[in-house]
Amino acid sequence: MNEPVIELINVTYIYPDGTVALKDVNLKVMKGEKIALLGPNGSGKSTLFMIMAGLLKPYKGEVKNFLNSRVGLAFQDPDDQLFCPTLLEDVTFGPLNMGLSKEKAIEKAIEALKTVGLETLKDKPPYRLSVGEKKKASIATVLAMEPEILALDEPTSNLDPKSRKELISLINELCFKRNLTLIIATHDIPFACKVAEKAYVLNKGKIVGNGKLIEVLSNFTLLEEAGLYPF
Amino acid sequence: MILDFLKIFRETAFTEKHSLSNGLLQKIDSKAKLISFIALILASISFASVYSLIFFLTLNFLLAFASKISFKTFFLRTFFFITFFSTLIAIPTLFMVRGVTLISFNIYSVTLQLTKEGILYALKFILRVWVCISSLTLLTLTTKFSSIINAMESFRIPKVFTMMTSVTYRFLFLFIDEAYRMMLAKENRTVNKMRRIDYMKTLASMMSSLFIRAYERGERVYLAMKNRGYSMETRSLNTVKFQFKDALFIFFFFVFIGFASLIGGY
């Protein structure tokens, strides 16, 4: 638990149109930690995730991936993540790109689909799935790659209470069984309480607070300023 | 009207119910179907007479029947959308091809002559389009899209192309859905009948908005692919199995095409 996996040092990211998405962000993730990245819409959470996953390069600053850990990022909109004709093909996409054989990739995919409870839908085209199923499917696509860090961007957006409850159980079960490091970006505070232990508050591209989740949530002024209170 | 069109498109274009039913073509391997229908299309556009085109069309309707696709569905799908428009395109050729004049009439100072050769030319054009469209419709209705992609990959069609086709198909559904929702939102805020010019302007702005959304979506999909190890090299699951019955299907299909192509006449 005391081994660092990812560290962001003074990371700044500016979009081509000049919008400053992140400014001097410092963040350290330890192995096995469950972190909630709290922030309102447009605060830079998704950009931060992309930088952590190595998909975007920071304009300034440094990203250290100490153990060369694989970051399994599930995007906010599952439709971005599910682009193959069938669910099975979508889930095998990552393992095949890792160089696994077809048989091994299918095995990993089936296992990931079983974990999220979608193995019976493996031959369905992703556009036929419900929003809740799509969210689970997008998690399965990264689980099949056996990532060390699971990063979920707004996992509860557009979910009904039942699907939300199922997702919470799934995340907790995954972290427990696979000993994953978890980072979730959300503005759904009740959800964060059920899955995370530590929190960073991001507002207008800056980290404005961090600490144990309970401590962060006790700071109403901080939350109010960040547009996260009342929940 | 556009809203109705999008609604019909949404409901019909992406249904896979026919590919799941237990008909003749559904039992045939996608590779065999792809070869056979491409051969049929090539035969119809290269050397077929009107009679052989009618034979080809009849074959497609019989195959549709054997594949449990109703005559009405197949006729509407193959004729209404594209063949109807090709008929409109073919009308001028009725009067443009020189030959034996059947009817002649004057419009103002212009004399129009309807010729026998013009009618045959237009008929051939319409039938060719109809055969091509009905062949492709049969292929896509009776085969899962993933199987068509797998078949294309088996024929060593570059993976970049098959990947792009697959992604295009996948997101076409999403954008039709998005366009439909945008049209609904527009209708919801339209109280009086819009002037044609305003309607066109609104449509243009919606199209540009859809284009930007498509572009941004493309960027995000690429990032999602990159996150899962994509490095411009496409790997896929190809589990198609070719059997004796599929070879037999191709054989009979080619015999029929050969026989029908040899029919002389117009």
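As a convention, each chain's residues are numbered from 1 in the sequence order in which they are written. To label them, take the chains in the order written and letter them from A, then take the ligands in the order written and number them from 1. Confidence filtering applies because this is a predicted model: local features only for residues at pLDDT of at least 70, side-chain atom pairs given and counted only at 80 or more, and all residues used for totals across whole chains, interfaces and linings. Side-chain metrics in this entry use all non-hydrogen atoms of the structure; hydrogen atoms and water are not considered.

J.: Hey, could you run me through the packing of helix H3 (residues 87–97) of chain A against helix H4 (residues 102–116) of chain A in this one?
T.: In a pair of packed helices, the angle between the axes and the distance between the axes together describe the arrangement. Residue and element names in this part refer to chain A. Lines fitted to the C-alpha atoms define the axes, with helices restricted to the stretch that makes contact. Angles between their N-to-C directions range from 0 to 180 degrees. Each helix is a run of H or I in the DSSP string that is no shorter than four residues. Each strand is a run of E no shorter than two, and both are numbered from the N terminus. Interaxial distance between H3 and H4 falls to 8 Å at its minimum, and their mutual angle equals 120 degrees. Put simply, H3 runs oblique to H4. For the pair H3 and H4, the crossing hand works out as right-handed. Across from Leu-87, Leu-88, Val-91, Thr-92, Pro-95 and Leu-96 in H3, the residues of H4 making contact are Lys-102, Ala-105, Ile-106, Lys-108, Ala-109, Ile-110, Ala-112 and Leu-113. Orientation is classified from the angle alone, with under 35 degrees giving roughly parallel, over 145 giving roughly antiparallel, 65 to 115 giving roughly perpendicular, and any other angle giving oblique. For a crossing to be left-handed, the near helix must be turned anticlockwise from the far one by less than a right angle; the clockwise case is right-handed. Throughout, a residue-residue contact means that at least one pair of heavy atoms, one from each residue, lies within 4.5 Å.

J.: Can you help me understand the sheet that holds strand S3 (residues 34–38) of chain A in this one?
T.: What links the strands of a sheet is backbone hydrogen bonding, and the strands pair in either a parallel or an antiparallel sense. All names here are of chain A. Spatially, the six strands line up as an open sheet ordered S5-S6-S7-S3-S8-S9, and their pairing is mixed. Here the strands that pair on one side only, and so sit at the sheet edges, are strand S5 (71–74) and strand S9 (206–212). Averaged over all pairs of adjacent strands, the angle between strand axes in this sheet comes to 15 degrees, irrespective of strand direction. The rule for pairing is simple: two strands pair if DSSP sees at least two bridges between them. As defined by bridge partners, S3 adjoins strand S7 (residues 181–186) across five bridges and the pair is classed as parallel.

J.: Help me understand unusual backbone geometry, please; the structure alone is not making it clear to me.
T.: One can expect most non-glycine residues to show negative phi and most peptide bonds to be in trans. Despite not being glycine, Asn-179 of chain A has its phi angle at roughly 55 degrees, a positive value. You will see that Lys-68 of chain B, though not glycine, has its phi angle at about 60 degrees, which is positive. Along the chain, Lys-68 of chain B falls in the loop between helix H5 (50–66) and helix H6 (71–90).

J.: Honestly, the side chain of Thr-143 of chain B in this entry has me stumped. Any pointers?
T.: Residue and element names in this part refer to chain B. With respect to the helices and strands, Thr-143 occurs in the loop between helix H8 (116–142) and helix H9 (145–154). Among the polar contacts listed, one links the side chain of Thr-143 to the backbone oxygen of Leu-139, at a separation of 2.6 Å. The residues contacting Thr-143, other than those within four sequence positions of it, are Ser-19, Ser-30, Lys-33 and Ile-148. Polar contacts, as counted here, are pairs of nitrogen or oxygen atoms within 3.5 Å of one another; within protein the pair requires one atom able to donate a hydrogen and one able to accept it, and residues that are adjacent in sequence qualify only if both atoms are side-chain atoms.

J.: Help me out: how do you make sense of the packing of helix H4 (residues 30–46) of chain B against H5 of chain B in this one?
T.: All names here are of chain B. The geometry of H4 relative to H5 is characterised by a closest axis approach of 10 Å and an angle of 155 degrees between their N-to-C directions. As the angle between them shows, H4 and H5 are arranged roughly antiparallel. Considering the relative orientation of H4 and H5, their crossing is left-handed. Only Leu-53, Phe-56, Asn-60 and Leu-63 of H5 make contact with H4, whose side of the interface consists of Phe-37, Leu-40, Ala-43 and Ser-44. Residues are sorted three ways: Asp, Glu, Lys and Arg are charged, Ala, Val, Leu, Ile, Met, Phe, Trp, Tyr, Cys and Pro are nonpolar, and all the rest, Gly among them, are polar. For the contact of H4 with H5, the per-class residue count stands at six nonpolar, two polar and no charged.

Nothing here speaks to function; it is all geometry.
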